[in-house]
Every structure is written in C-alpha cells, then in structure tokens.
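Commentary on secondary and tertiary structure
Given next are the chains, with one letter for each unit.
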Amino acid sequence: MIEVLVKSVIQLILLLLVAPLVTGIIRTLKARLQTRRGPGIGQPYRDLFKLLRKGMVIPNTASWIFSATPYIVFGTAALVGLMIPMTATDAPLSLFGGVLAVVYLLALGRFFLALGGLDTGSSFGGLGSSREMTISAIAEPAMMLAIFTVALSANSTNLSEMARSAVSQSWRFLAPSQILAFSGLFIVLIAETGRIPVDNPATHLELTMIHEAMLLEYSGPYLALIEWGASIKQLVLMTLLVNTFFPFGLSSSWMVSGLSLGLVFYLLKLLLLACCIVLVETTNAKLRLFRVPELLAVAFILGALALISTFLF
Amino acid sequence: MNQIPISQAFLGGMILYAAAGLIGLIAARQRNLVRIAACALAALGAVLEGVASFAVIKDAHETIISIPSGAFFLPYTFRLDPLSCYFNLALAVVGLAISIYSFGYLKSFDSQKPVGVFCFFYSLLLISLTAVFTAANAVLFLVAWELMALAAYFLVSFDHEKDETRRAGILFFIMSHAGTGALLVAFLLLGTWAGSFDFSAFHVASQTLTPLQRGSLFLLFFLGFGVKAGMIPVHVWLPAAHPAAPSNVSALMSAILIKTGIYGILRIAFDFLGIPPLWWGLLVLAAGTVSAILGVLYALIEPDLKRMLAYSTIENAGIILMTLGGAMVFRSYDRPFLAAIALAACLFHIFNHAVFKSLLFLSAGAVVHATETRNMERMGGLIRRMPLTALCFLVGAIAISGLPPLNGFVSEWLSYQALLGGFGSTLSLTRIVFPIAGSLLALTGALAAACFVRAFGIGFLALPRSSQATHAHEAHPSMLAGMGALAALCIALGLGATLWLPLLDPLVVQLVNNKVSSNLVLAGGLVLSSGSPKGGTVAPAVLAGLLVLLTLLPGLLLAFWRRRRRTVSGPTWDCGLPGLTEDNEYTATAFSKPLRMIFAAFYQPRREIQTEFEVSAYYPTSIRFESGVEPAFETHLYTPLKDRILARASRLRTIQAGSIHAYLAYIFITLVVLLLFGVRS
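Per-chain numbering applies: the sequence of each chain, read as written, is numbered from 1 onward. Following the order in which they are written, the chains are lettered starting with A and the ligands numbered starting with 1. Since the coordinates come from a predicted model, pLDDT governs what is reported: local features require at least 70, and pairs of side-chain atoms require 80 or more to be given and counted, while whole-chain, interface and lining totals use all residues. The basis for every side-chain value is the complete set of non-hydrogen atoms in the structure, without hydrogens or water.

Comments concerning the overall build of chain A
Note the threshold: Runs of H or I in DSSP of at least four residues are treated as helices and runs of E of at least two as strands, each being numbered from the N terminus. With the radius of gyration taken over C-alpha atoms, the globule rule is written as 2.2 Å times the number of residues to the power 0.38. Methods summary: accessible areas were calculated by the Shrake-Rupley approach with a probe of 1.4 Å, and residue burial reflects only the protein chains presented.
Each helix and strand counted, chain A has 11 helices and 1 strand in total. Helices and strands appear in chain A in the N-to-C order α-α-β-α-α-α-α-α-α-α-α-α. Here chain A has a C-alpha radius of gyration of 19 Å; the compact-globule value for 313 residues is 20 Å, and the two agree. Viewed in the frame of its principal axes, chain A has a C-alpha envelope of about 55 × 45 × 40 Å. A total accessible area of about 11,000 Å² is found for chain A, and carbon and sulfur atoms account for 70% of it.

Dropping the structure here:
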C-alpha cells in the first residue's frame, strides 16, 4: 500500500514534469527544422505558470460541465500515466487497469472535452467536438488492433506484463508483426495527439482546427489544466509506443540505480520518437479532413496485417 | 430461503401485477386513484418478484411451481432456475423503477387518455414478461409470448391519434407475428420429436436429432427470437415502435422486451439443443457484429432523441449477441473456461443495458414531456432548467458509452477479454475472427460515445433551441426518484462489479458448467481479472477513487496557491456578431456530418435544396432544404418483399369469389383431404 503510494507519487511528479518538456522539445525541434529559432524548450512551463496565475472568463452560456471538464481531462490523463510503465517495468497502478482501461479512460477525458466544447454554444466548439469524436472513432479500431497484437504476444492486457514480456525478448521489435503494429500505432499517435497531417497544433481560429476549436473559450487555470492534460496524454501515448516496442533500459525494480539509468534511456527513447514526430510534421502538409479516414484506414490495415502475421511468422 | 416462500413470493408478485391491471379496468374513471394504486401495486409486485428471483439465483436452487388448472388446457408450470430468475430480476429492478416513475409520468397524460386502460396493458406486459422468462413448457411460453406481443402492441399504439403511431404499432404487430410464426414451427417440430412440450424433455430429445434437424431448428429459433432481440436485418419494427410508445413503455420494451429474444437464444443454444456446432456460434457472432455497427451508425444520424435510443438498443443487442456467439464458439471447441468468461460478459451486459437504457428512456421521457418535442434540434439548454434530469441522462450516457468507471465499461472490458481469449484457439479462422470482432467492438464503442456526446451536448447544453426548451421545467419528484435509482444502480454496478459477478456463477454453472467468479475476482474482491494468472486486470472501484482524487488535486493545489484570480462571466465569442443566439449553435445534423460523409457508402445520403429568388441566386427569397439517408433495409428488403406478398395475395383472391357454394366446396374438399390424411397415417 505504502509502496504503491510512494511509486505513484514519484511517477506522478515525473509525469507532470516531463510532459511539458516533451512538448517543448517537439516545438523547438520543429522550429529548428523550419530554420526558426523557436521559443525554447522551457516555454510550455512558462505558459503553464502564466496561465495558472491568471484570472478567467467563463462564458455565460456555459454550465457546470464547462468547469468540470478541465479537472476531468487532467485527472484522467494523470491516472492513465500512473498505469503505464515509464522507467521501470512495474507501473505503480498497473494492477488496477491495463491497456483497455488506458484507452477508455482517455476516452472519458475526450467525452468531457467534447461536451465542454459544445457547452459554450459557439459554433467553433461544436465543430471541434464533432471532428474530435469523428477522428477518435475511426482511430479506435486501428489502435485496438495494434494493441491486441502486442497484448496477444504478451498474453496479457496488463501493461507491466506487456513490458516484461517485451524485455524478455528484447529483439522482438524486429518481428514483422511488431513492426506493422508499431507503424499502425504511430499513425494513431499522430491522430490522437492532434498533429500534422491530421490536425495542426499551432493554429487558432482557423476553420481547419480540431483540438483547439474545443478549447477556444477556455482561459486561465482551466486552459492550463487542459493543456497540461493534453501534453500528459501525448506523453502517455508516446511512452506506450517506446516502452512496449523498445523496452531497452526499462528497470526491473524500483531501486534508485536502476531507475536513474531507466530514466536516461527513457528520455533518450522519447527524444528519438519526438524526432520522428517532428520529421513527419515538417515533411507533410495537413490533410483535408475527409482524407484523414484514409490515413486511419491505413493504420487499421497495418494493425490487421500485424495480427495476421503473428501466427504466420 | 426455503422453497415455499420463493414460490409464494413469485406468485404473490404475479397477483399484485394482476391486481394493478384489474384496478385499471375497474376504476377507470378515478384517474388519480388508478394512477396511485396501479403504480404502487406494480411496484410492490416487482419487489416481490425481485426478492424471489434473487433468492433463487443466490441459492442456485431450482423451484418448480405448478398450478393445477382445468381451464384453457394450459399446463401452468413455471420453472424458476437461475437463468430465468436472472432475467426476471432485471425485469423486477427495471419494473420497480419504471413503476415509481410512472406515478408522476401518468399525471402528464392528456385528460382524454384512458389511464386505466394504460395501467391494464402495462400490468399485462409485466405479467407476460415474467411468464415468458419462467415458463416451463412450450405451450405456456407461446401463450405468454403472444400476450406480451399483444400488450406491447396496445401500449405502442396508445397515442393512436397519430398516423405515425398507428403505423408503428402495425409494423410491430406484423414483425412480431412473423417471428412468432418461426417460433411456433420450431416448437412444434421440437415438441413432436421430443414427444412432449415440456422444456426439460427438449434437452434430452435433442441428443438424438440429426445435425440437419438441429441446424434447421436452430435457424428457426434464431430468426424467431432475433426479431424480438432487434437483430439486424429483422430490426425494422424497433426504431418505429419504441419512440411511438409512451416513454415508460419504451423503457420497459428497450430494457426487457428486447431481452426476451436474448433469453430465448440463450435457452435454445445452451439448454435445448446441446453442444452447438461451430457455425452456429459464428453466425450469432456475425449477426451481433453487424447489428452493433449498423445500429450505432443509424443512431448517430438520428435527430429524434427516442429513435436514437432505439437504434442504440439495436447496437447493444448486437454487443450482447457478439459475446453470446463467442461463448457458443468456445463451447463447440470445448473451452468451458473461455465460454464462461464470454457468458459472464454477455449476462453482465444484459443487466447493465437494461439499467442504463431504461434510465436513458425515462430521462428522455421527462425531456420530451417538458419540451413537447422528440427532436433534439429543438431542445438545448436543459441542463439549467432540468438539472437533475440532465445529470441522470449524463450518467446513462457515460455508462452506455462504456466509459469507466460505470457499469458499461466493466461489461465491455469483459467482452474484450472474452474475444481476445478466442485468439488462443487452434483454428486459424477463429484466431483471426475474434480480434477483428474485438476491434469492431472498439469502433462501436467509440461511435456510441460520439452519439451520446451529440445527444447530451445538443439536447442539454448551451442555449435553448426553441421556446418550449426555454420554458422547460424539472420533472415530477417521483420521475426523478425512478431515474435517480437507476442512475445510482449504474454507478453501483460499475464500482461493485466484483461483488456482482459471483451472483452470475449459478447461471454460468447452469449453462456451461463452469464457475467464473473465483477466477475473475482477485485481491480480496477488489480487482477484476481476465482469468489467466498474468492476464489483464482492472479495478473499477479503485480507478473511480483515484480518478476523484486526481481530479480534485489541481483544484486543491490552486486553492492553496493563494492568489487573487478574478473569474468573470462573459459572452461567448461570436465572431463580432451582435450577440450569440441559438442559430449560431452547432446542430445535431452538423455534428454527425463528418461521419455521415465518411460512411457515405452505407448511408447514401441525399439532399435537396430549392432556392427561390427574384433578382439573383445570391439574394434568395426562400430556401427549402431537405436531407436524409437511404433506409437501406426498407427499400432493398422490406418494400420488395411486401410488394411480392401483396402480388401473390391478389392472385389468390380469385378463389375468394364471394359465392357461398364455392366456400362450402372448399370446406368439403379440405375435410376429405384431412380425413384421407388421417386414415393413411
């Protein structure tokens, strides 16, 4: 009990600190690749700090749903972060929910975010909610197929078991099924975190936006909580990708030496994945909304092929 | 509890139901008396039925109740085994909540409406549903089945002044009888082969049947029960009948009447017909998957709140059939443990769906009463005017979308684990079929979430979209009590899933002779597991606790960080227009537009725009816009079928010439043929 509590607190702090960092790194790398200087890696922290100190404007058409949403988005993202192995194979809360709970908790956050968008009565909010729910709906089967592939090769949907099984066969990621599943999940990651070519995280007040459209009326601490929650969600999905497919350096225990080594490996892997995301974002143009399903269909097919190849090879 | 109180409680419940109905007929003039007495008696009856059913399930004890009757040549034998009682328990729980709700709801009926007649048919529906679930022989079962259809027909057609309602009633009647026809044939065949119409004889007799006989029996039963279960493509009555009925009846139909079909399929597949061959299970799985996806796709574009809920019932029936099919496949593979998990998922979802769908229909009933429309485009802003109803609907919406930590999540989680278990089988066909079915279940779940975000977001949030919605009022306290009880049950079944699962043991033992709870419930009854030692685990109660904690955490931190933050209320950004009105809001149609375009191949959307103008098309004087989707099953299946039947029937009409002599000749010829037939055999 105490042990779980201590582990949870450590991982929670790590989660809260690393999540804005990853966002900052991605933004800076992207700026560099576009030959801009960029605002620096620390900018997301400064943004959060600034927003948390500010006052808020609450739309007078909104109900309690609008105010509850930021807390729920933050809470679900943080809870999910505690169920996923970050630096050690043993996630603090992995007993209480596996990968299915992760997917559905994130869906709970999304459910409220979409309601929050509709609650203001603005057309932008409704537009964002509608698109968010659409894209997540068609991303879901692709995501599940890829996750099933990994879960079936680990014979468990428990994330710690999945990581442990990956550690025990550390070159498994070269297997065709794993490569296919990874590619499928990578596309889902791009869609779920609202990045180019699916959504552009850098736009406001454009008719193409999805995630930002739902947040248009949020300000101050509420906005900070949602942004923080979104970056935690991004970190969680990236962690899911790097730790289940490339389990190198995952510490098998919660000893300090193992953990610090694990942390170094973990950050390196995240950096590599961030580089991949930045490359994709810089070399692609944003797709038209109705071309996104085709991209996600590719992810679905990759997932299905991954599944088939688990018993072919 | 020993045997006598169980049978007394069971019969006492039936008698109370009957009394409620009779009061409705006798004292039809005293509207208030009827309303209060009938609802109270029905609620009491439901309590007794619930207690009896719970006792049977808990003790896993079978009780047979025979009533000696000379009349009607009906063998009044009821068998209370765990499976029957599980469905009867769901009926009792939902029936109790609906009866409490009806107390206030019936008040809202127009003074011209016969409340007494309504109460009579409502009670008749409760009695016949109880009898369907507990009948111990085919004759009683079919009689109860017909009574149920009849009572439901009269309740659906209650608002018979509307053309739409009359059509819905007749469609329900026809479809229901087509299904009963299939059942009648199946029961007659099985009864003849078994030499008895007793249910207990069926199981024994089916061992001696040839595969062809068993297969055709299964198909007939599956079709007959599938109609009631709302399975696609025999679902067409459902989205017409459920919205047309008064909302308390819609709730009872969607929650329980649909389940009589599922009950029937469970009975035949696991009791009457023995170990099923592989294709039965795959057929049920496929039918379930199709129903789930198409059901939710139709629900997604439906602007009528109650019809949307009806389509969502088709979706949930599909999910239930998916796990049921899975259990059948595992049974034919002789994997009792996996079959037990799949069955647990199936049974759990049956109960969960009964609870959250009746909750949603009851809330929808309150909303429809307050806003006088079923169209969600004309609702909006109800969260301020009907805060408690909105909260109840929200709980139902979260539960039905399968989101943690409510009950829908737990049964979907179990369904995933059951479907994933199918990967371990040896045939490569099923190894690939199950994970694909799992991913389609994920699609269904995500689309359902989109569907309920739309329903709640458009129907309850932001600005009112009509003057009725502006002046809506909160529901009657008894209606809120009924809804509140169901909402609390959604939460309790989710958080307490580990306590509820052991209750399913007697049923699972009865059906596949395997226990689940001892394998599925770990860590002192806190954690739910997928069965294998290192498989998946989930603890809904812990997740809920942690979620509350982590949700409150930032609030606490902000409160401790003493800083004066000014919170002001301001207008929503309206792009500089003079004030936000309901016309600026996103509509339900717009909300589902992206999905309508993505699945255009399925929906085949059409739209028609007529613009009238005098000078230029840019300055129209009036615009008429109409859009819709192709009702594929109606146009491609039912209309041609109906036309063909009518054509055949008109050809047959030539023998009905109106001449008495010709008719006497027909009777004579028939008699001779029958006599010859009788002599020969």
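Let us keep going from here.
Observations concerning the overall build of chain B
The condition that has to hold: Any pair of residues with heavy atoms lying within 4.5 Å of one another is described as a contacting pair.
Each helix and strand counted, chain B has 27 helices and 8 strands in total. For 681 residues, the compact-globule estimate of 2.2 N^0.38 gives 26 Å, and the C-alpha radius of gyration of chain B, at 27 Å, lies within 12% of that figure. Its C-alpha atoms put chain B at 95 × 70 × 60 Å along the principal axes. Long-range contacts, defined here as pairs at least 24 residues apart, represent 78% of the contacts in chain B between residues at least 6 apart.

What to know about the environment of threonine 470 of chain B
Residues and elements named next belong to chain B. Let me state the cut-off plainly: The cut-offs for exposure are 20% and 50% of the maximum accessible area for each residue type, with area from a 1.4 Å probe on protein chains only; residues under the lower value are buried, those over the upper are exposed, and the others partly exposed.
Tracing the backbone through its elements, the reader meets threonine 470 in helix H18 (residues 467-470). Among the residues examined, threonine 470 registers a relative accessible area of 33% and is labelled partly exposed. Ignoring any residue separated from it by four or fewer positions in sequence, one finds threonine 470 in contact with Arg385 and Pro464.

What to know about the pairing of strand E7 (residues 606-613) of chain B
All names here are of chain B. This is how it is decided: When DSSP finds two or more bridges between two strands, those strands count as paired.
Taken together, the 8 bridges between E7 and strand E8 (residues 620-628) define a ladder with antiparallel strand orientation. By the bridge assignment for E8, glutamine 610 is matched with arginine 624. Counted between consecutive antiparallel strands, the loop separating E7 from E8 contains 6 residues.

Focus: the interface of chain B and chain A
One frequent convention defines the size of an interface as the accessible area lost when the parts assemble. Definition in use: Here the quantity called buried area is the accessible surface, traced with a 1.4 Å probe, that two parts lose on coming together, added over both. Basic side-chain nitrogens of Lys or Arg form a salt bridge, by our definition, when they fall within 4 Å of a carboxyl oxygen of Asp or Glu. In protein, a polar contact requires one atom able to donate a hydrogen and another able to accept it; more generally it is a pair of N or O atoms within 3.5 Å, and residues adjacent in sequence count only if both atoms are side-chain atoms. Under this grouping Gly is polar, as are all residues other than the nonpolar Ala, Val, Leu, Ile, Met, Phe, Trp, Tyr, Cys and Pro and the charged Asp, Glu, Lys and Arg.
Between chain B and chain A, the residue contacts involve 78 residues of the former and 80 residues of the latter. At the boundary of chain B with chain A, total buried surface from both sides reaches about 6,800 Å², with 76% on carbon and sulfur atoms. Inspection of the region where chain B meets chain A yields 0 salt bridges. Taken together, the links from chain B to chain A amount to 21 residue pairs in polar contact (both at pLDDT 80 or more). Looking at which element gives the most residues to the side of chain B that touches chain A, the answer is helix H17 (residues 428-460) of chain B, with 18 residues. The residue inventory of the side of chain B that touches chain A, partitioned by class, reads 53 nonpolar, 17 polar and 8 charged.

A closer look at the domain arrangement of chain B
Worth spelling out the cut-off: Domain extents, as shown, originate in an automatic or database domain assignment.
Each assigned domain of chain B is listed here: domain 1 (1-136), domain 2 (348-543), domain 3 (588-628) and domain 4 (637-680). Between the C-alpha centres of domain 2 of chain B and domain 4 of chain B there is a distance of 51 Å.

Focus on the sheet that holds strand E4 (residues 527-529) of chain B
All names here are of chain B. What the 3 strands build is an open sheet, ordered E3-E4-E5; its pairing is antiparallel. If you trace the sheet from one side to the other, it starts and ends with strand E3 (521-522) and strand E5 (537-538), each paired once. In this sheet, E4 lies alongside E3 in antiparallel orientation, the contact comprising 2 bridges. Its bridge partner being in E4, leucine 522 is matched across the sheet by valine 527.

Focus: the packing of aromatic side chains
Residues and elements named next belong to chain B. We apply this condition: The criterion for an aromatic pair is that two Phe, Tyr or Trp rings (for Trp, the six-membered ring) have centres within 6.5 Å, with stacked assigned to planes under 30 degrees apart, edge-to-face to planes over 60 apart and tilted to the rest.
Going through the model one piece at a time under the given rule, you end up with 54 aromatic pairs over all chains. Centroid distance phenylalanine 393 to phenylalanine 460: 4.9 Å. Interplanar angle 35°. Geometry classified as tilted. Taken together, the residues phenylalanine 393 in helix H15 (residues 387-400) and phenylalanine 460 in helix H17 connect sequence positions 67 residues apart. Like phenylalanine 460, phenylalanine 393 is buried. Pairwise contacts between aromatic rings join Phe141, Trp145, Phe187, Phe199, Phe202, Phe221, Phe225 and Phe272 into one cluster.

As for the pattern of salt bridges
Following the criterion strictly, the structure yields 26 salt bridges over all chains and no others. Across the salt bridge formed by glutamate 281 of chain A and arginine 195 of chain A, the nearest N and O atoms sit 2.7 Å from each other. On the criterion of sequence distance, the pair formed by glutamate 281 of chain A in helix H10 (residues 256-283) and arginine 195 of chain A in the loop between helix H7 (176-192) and helix H8 (211-214) is long-range, its members being 86 residues apart. What makes glutamate 281 of chain A buried here is its relative accessible area of 2%. The partner of aspartate 271 of chain B in a salt bridge is arginine 267 of chain B, with the nearest N and O atoms 3.1 Å apart. In this pair, aspartate 271 of chain B and arginine 267 of chain B are both assigned in helix H10 (residues 247-272), 4 residues apart and thus about one turn of the helix distant.

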